[in-house]
Structures are given as C-alpha cells and as structure tokens.
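Structural features, examined
The lines below spell out each chain.
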Amino acid sequence: MRRTLVTGVTGQDGTILARRLVAEGHEVHGLVLDADAAEAWATAHELEAVTRHTVDLADPDAVCRVIADVAPAELYHLGGQSSVAASWADPLGTLAVTGLGAAAVFEGAHRLTEAGHPVRVVQASSAEIFGRAEQSPQDETTAIRPVSPYGAAKATAHHLAHVYRERGTFIACAILYNHESTLRPESFVTRKITAGVARIAHAGGGTLALGNLDAQRDWGWAPDYVDALVSATRHTEADDFVVATGQTHTVADFVRVAFAHAGIEDWRSHVTLDERFVRPAEASIQVGDASKARRVLGWAPTLTFEQIVGRMVDHDLAIIG
Ligand code: NAP
C-alpha cells in the first residue's frame, strides 16, 4: 500500500485529494491543525480512513518528526494560511505558516531522502507569487514579485522548493491559479457570491456587499487542479508547472453569471460596494499559460467558467432550500 502524507488535508484541495487517494488504495496520512475539527471533517466527508496527525506547520521540529515517522512515498504540501485578505491582517503569522512551514516540510523530506527513503513532494505554489506581473499570461519563467504578505510567503516557499530540488530532493511546484468548488468557504469572494446569490434568490430580494468588481482572475475547477498536483508528483522529474485555464474574468463577470444562473438578470441592483473588501494592493491581471502542464503532464481543465459558477450556485441553492 502506498503511504502518502497530505498537509492541509481538511482544506478544499486536501479533501478532494484525500478522497481520490483513498479510492486509489493509498494509506493516507493527514497533517491537521485542530484534532477535534479534523475528526468532525473526517466524519462529514466519510474520510475516517485518513490517519490524522495534529501538528502546527509553524513548529518545524514537529513537522520534521511527523514526516520521519510517517515516511511517505508521496507528500502533498497543501497546508497553510491560504487567504490573501487574511494575510494583510496577520503578515507575520502568514510567513511563519505558509513560508517557513514549507521550509520545514522540505527539510523533513530532505532528511528522509538522505536517509535512503526518497519521497516525492509537491508544493502548492500560487499565482500570487507573480504579483504585478509584467507579462500576461504568466508562465513558469515569469519574474517573481509578490504584492501581498501571502504572495511573499508563497514566493519564499517557491524559492526554497528550488533550493531543496537542487540538493537532490524531489520537490515539484504546481503554480496554482484560483480554483473553486463547493468546498470553498465564504471567506473567499467566489463562494461569498454564490452563497449570497442563493440567499437572495430564495428570499426574493436582498443585497451582497463586495469590494473591487474589476479585479480579474483566472478561475478553474478545484478537482482539475488536484489532478495536476497528482500528475506533477508522479512525473518522472520534479519541475514547475503553471496550472490555469488561460481565461480571465472579472469579479463582476462572476456576479453576473451567478445571478443569471439563479434566474436574476438585474444583478446590479443586488450589489453594493464596500471599501472594507478592497485589498490594499491588488495583483495585476492574473491569467496563466498552462501550456507546459498540457504538453508535459497531459493536463487540461474540464469545466468552463460558466459551468463552475453554475455548479457552485446549484449547490448553494440546494443547501438553502
Ligand atoms: P484551504 O482550504 O485554506 O486549506 C488550507 C489547509 O491548511 C487547511 O486544512 C488548514 O487547516 C491548514 N492549515 C492552516 N494553518 C495551518 C497550520 N498552522 N498548521 C497546519 N495546518 C494549517 O486551502 P486550499 O484552497 O485547499 O488550497 C490548498 C493550497 O493551495 C494552499 O496552500 C493554498 O495556499 C494553495 N493555493 C490555493 C489556491 C486556490 O485558489 N484554492 C490558489 C493558489 C494556491 P484548518 O482548516 O484547520 O485551518
């Protein structure tokens, strides 16, 4: 049985990945922050088969210890503080968990490899490392120049992944663009919109307070991005891969499509602008060129933007009523 460790297993991608790995017959171990919350998660998602290890990514000794104890063949590093907005509220905590936490994971994997047990690691890197990118679309060669604490923490991890790769440890980087699913929490704008639309459609009225409607993102479907993480981990060599749809949409597009899917055409009358939701520094237009992932990994997105929004709205309408 292949033994696999997933950090951030209770998150959106971790949950989708754990389902897949359990179905593939892996012995799945998950690194979790809160044992009680993780137990509730395992029950809710019928993932009791996942062995849970309670470790804070900000504790490097504990991270290295769990990697040595589990001795996985594959290690998916998905854990961390994953919100750009939250990183402005706690920049140091974000760096400790998302930046230095990755360093601890790579060091643990390196020690395991040196001890004669090679492990394949994938780092969940982010489009936010490119910040105000000079080139559009961005690819694996685009200069790294983050504009948020989250982006800087992910950039640190990205650079360290390369440092450890040079030392002989298998560390792939999937440079993930935004990807959504029905598992996204409402602290992210996409799910906030689909949940808000469902509430307004159900109640027959109401408003949704949003920040910058002109922000542009390249939104994909999370299960597709989990497929890319798996392919990058199992590829013959550790490499970097941009994982993106190559299409960009504004937040306003997302809102319009979500309301239309719920049968409401006049979306503007249901949206108010709230300065509190505008980010201090907005990354430039994010759109990724995933041609390397397509060519080398045979990866391709399976859903259109409209299908992603539609699935999320349908899910939230079903919950509400
Ligand atoms: P997510 O849902 O926010 O999951 C993050 C996971 O990390 C959760 O299980 C969380 O546990 C755990 N975690 C947070 N702080 C921790 C700590 N101090 N110690 C141990 N675990 C901790 O993220 P996601 O959307 O699945 O994304 C997966 C990865 O891809 C993340 O690294 C994210 O930054 C990256 N990424 C995501 C996107 C995207 O659009 N989703 C885009 C680019 C990159 P709790 O739930 O208990 O806090």
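Report follows, based on the coordinates. On a predicted model such as this, the values are computed, not experimentally measured, just so you know. (Residues numbered from 1 in each chain as written. Predicted model: local features only at pLDDT ≥ 70, side-chain atom pairs only at ≥ 80, totals over all residues. Heavy atoms only, no water.)

Describing the overall build of the protein chain
Formally: Helix numbering and strand numbering both begin at the N terminus, where a helix is a DSSP run of H or I of at least 4 residues and a strand a DSSP run of E of at least 2. Burial classes: relative accessible area under 20% of the type maximum marks a residue as buried, over 50% as exposed, and values in between as partly exposed (1.4 Å probe, protein chains only). In this analysis, two residues are considered to be in contact whenever any of their non-hydrogen atoms come within 4.5 Å of each other. In this description, accessible areas are obtained by the Shrake-Rupley approach with a 1.4 Å probe, and a residue is regarded as covered only by the protein chains that are shown. His is not counted here, nor are the chain ends, while Lys and Arg score as positive and Asp and Glu score as negative. Charge coordinates come from a single atom per side chain, which is NZ of Lys, CZ of Arg, CG of Asp or CD of Glu.
In terms of regular secondary structure, the protein chain is built from 11 helices and 13 strands. Based on the C-alpha atoms only, the size of the protein chain along its principal axes is roughly 60 × 45 × 40 Å. Across the 321 residues in the protein chain, those meeting the buried criterion constitute 54%. For the protein chain, contacts bridging at least 24 residues in sequence account for 77% of all contacts bridging at least 6. Surface accessibility of the protein chain: about 13,500 Å² in total, with carbon and sulfur atoms responsible for 51%. Between the mean site of the 27 positive side-chain charges and the mean site of the 40 negative ones, the protein chain shows a separation of 2 Å.

A short note on the site of the ligand
This is how it is decided: Neighbouring residues are identified by heavy atoms, a residue being near a molecule or strand if any of them is within 4 Å of it. Pairs of N or O atoms within 3.5 Å make up the polar contacts considered here, provided that, within protein, one atom can donate a hydrogen while the other can accept it, and that residues adjacent in sequence are counted only when both atoms are side-chain atoms.
In the region of the ligand, 25 residues are neighbours, and Thr10, Asp13, Ser82, Tyr150 and Arg184 sit closest. Within the backbone of glutamine 12, one N or O atom sits 2.9 Å away from an oxygen atom of the ligand. Computed on the free molecule, the ligand has an accessible area of 900 Å², of which 84% lies beneath the protein chains in the complex. For the shell around the ligand, the elements supplying multiple residues, two or more each, are α1 (12–23), β5 (120–126) and α6 (149–166).

Focus on the nonpolar core
We apply this condition: Put simply, buried Ala, Val, Leu, Ile, Met, Phe, Trp, Tyr and Cys residues joined by side-chain atoms within 4.5 Å make one nonpolar core.
In this structure, Val6, Leu17, Tyr76 and Trp299 are the most contacted members of the largest nonpolar core, which totals 35 residues. For this core, the elements supplying multiple residues, two or more each, are α1, β2 (27–32), α2 (35–44), β5, β6 (170–176), α8 (222–234), β11 (240–243) and α10 (291–297). The residues contacting tyrosine 76, other than those within four sequence positions of it, are Thr4, Leu5, Val6, Thr7, Leu17, Leu21, Val122, Leu229, Val230, Thr233 and Arg234.

Observations concerning α1
Where we set the bar: Expected span, for any helix, means 1.5 Å times one less than how many residues it has.
Given a rise of 1.5 Å per residue, 12 residues ought to cover 16 Å, and the 17 Å separating the end C-alpha atoms of α1 matches this to within 8%. Every buried residue of α1 is listed here: Gln12, Asp13, Gly14, Thr15, Ile16, Leu17, Ala18 and Leu21. Glycine 25 sits one or two residues past α1 and shows a positive phi near 90°.

Notes on helix α9 (residues 251–261)
What sets the pattern is the α-helix's 3.6 residues per turn: residues three or four places apart point alike. Among the residues of α9, Val251, Ala252, Phe254, Val255, Val257, Ala258 and Phe259 are the ones counted as buried. Looking at the buried side of α9, the elements it contacts are α7 (189–203), β8 (208–210), β12 (249–250), β13 (271–273) and α11 (305–320). In the segment just after α9, glycine 263 is the residue with positive phi, at about 85°.

Concerning the state of the cysteines
Note the threshold: By disulfide we mean two sulfur atoms from cysteines, separated by a distance within 2.5 Å.
All told, the structure shown has zero disulfides when counted by the stated rule. Cysteine cysteine 64 is unpaired, with the sulfur of cysteine 173 as its nearest cysteine sulfur at 18 Å. Of the residues examined, cysteine 64 reaches a relative accessible area of 10% and is grouped as buried. Take cysteine 173: its relative accessible area is 0%, and that puts it in the buried class.

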